[in-house]
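Listed here are the chains, written in short residue letters.
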Amino acid sequence: MKIAVVGSYGVGLTMRVPRMPAPGETLSDGAFDEGHGGKGSNQAIAAARLGASVSFFTAVGSDGYGAAAKQLWKQEGVDADHVVVVEGAATMVGVILVEPSGENRIVIAPGALDALDATAVEAFRDEIASADILVVSMEIPLDAVAAALRIGREEGTRTLLNPAPAQRLPDEVWQDIDVVTPNQSEAPVLLGLDVDHGHDDGELVARLVARSGASVVLTRGQAGALLASEDRVTVIDAVTVEDVVDTTGAGDSFTAALAVGLAAGASPVEAARSAARAAAHTVTIAGVIPALPTRADLALPIGADR
């Protein structure tokens, strides 16, 4: 299995808070942690831990965070030879607030990622061409997202778009997507719908399938996921866990496991069920990198001793 990933790397600055502060309010009793993040990097590492050969493309700054990222990818067995280092720029930083329930809110400063454009992605063409599947996420400029997906189509590589953070896509991009994995808040954004659009989940996935012709996997947290194609919709049940510690990274685990399953020749239903198990594992462990599962983790009952 070979997977090419085009996306982001950033440092997660996480603050665990007793509750979300109101406007103008200062809370004490927070707990701070700093760690590796970025949707693309998380997905690349997760795919490598699940047994895939992974090539990753992103941009980092010429700073300590960028140097630490290279060490991380080396340790995790991710090929990062094509990563762009932007002199004088800062590596992306994300500030994450996590409530006791495990729910999170994230704000991002892109930094070096702003340097990624279609020309930069072209240098990654050979890796995309040789992959079984290309995974693209949207914490990078839309120009780079569109270029990666287009190259995937031109080279005959299956493409998977994780539309996070979501924005409305140009019309010409839809034809380059084979699989798309929005959550419930991202799906209406992709379709250009108002917040009060009034559509249920089934209607949203039907509209996405009609718009793209792609397979759609709508993730719904504890409600599982909907897997939709032109001829059917399948409910993918969530894997139940007793204690949700931190939902950060669950979507990245889901995307990576889905991509690995598809690259290995699993059916979309089988791959989505494996992805649900990966996401369930992730929410039981604090932090992102420590929570990304290995193949051995997914062979254990969720919540078992590790």
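Residues numbered from 1 in each chain as written. Predicted model: local features only at pLDDT ≥ 70, side-chain atom pairs only at ≥ 80, totals over all residues. Heavy atoms only, no water.

## Looking at the pairing of strand S1 (residues 2–6)
Quick reminder of the rule: Burial classes follow relative accessibility: with a 1.4 Å probe on protein chains only, a residue under 20% of its type's maximum area counts as buried, one over 50% as exposed, and anything between as partly exposed. Secondary structure elements follow DSSP: runs of H or I no shorter than four residues count as helices, runs of E no shorter than two count as strands, and numbering proceeds from the N terminus. Two strands form a pair only when DSSP identifies at least two bridges running between them.
With five of five residues buried, S1 is to be regarded as a mostly interior element. Neither face of S1 is left uncovered, since the one carrying Lys 2, Ala 4 and Val 6 and the one carrying Ile 3 and Val 5 both have all their residues buried. Strand direction decides the pairing type here: S1 and strand S4 (residues 53–57), joined by five bridges, are parallel. Counted as the bridge partner of Lys 2 is Ser 53 from S4. Relative to strand S9 (residues 133–137), S1 runs parallel, the two being bridged by four bridges. Residue pairing for S9: Ile 3 is matched across the bridge by Ile 133.

## As for the environment of Arg 125
Applicable threshold: What makes two residues a contact is simply this: any of their non-hydrogen atoms within 4.5 Å. Definition of a polar contact: a pair of N or O atoms within 3.5 Å, with one able to donate and the other able to accept a hydrogen when the atoms are protein atoms, and with sequence-neighbouring residues admitted only if both atoms are side-chain atoms.
Secondary-structure assignment places Arg 125 in helix H4 (residues 125–129). For the pair Arg 125 and Pro 100, spaced 25 residues apart in the sequence, the C-alpha separation amounts to 43 Å. Beyond its immediate chain neighbours, meaning those up to four positions away, Arg 125 contacts Arg 150, Ile 151, Glu 154 and Glu 155. Of the polar contacts made by the side chain of Arg 125, one reaches the side chain of Glu 122; its length is 2.5 Å. At 2.8 Å, the side chain of Arg 125 and the side chain of Glu 154 are in polar contact.

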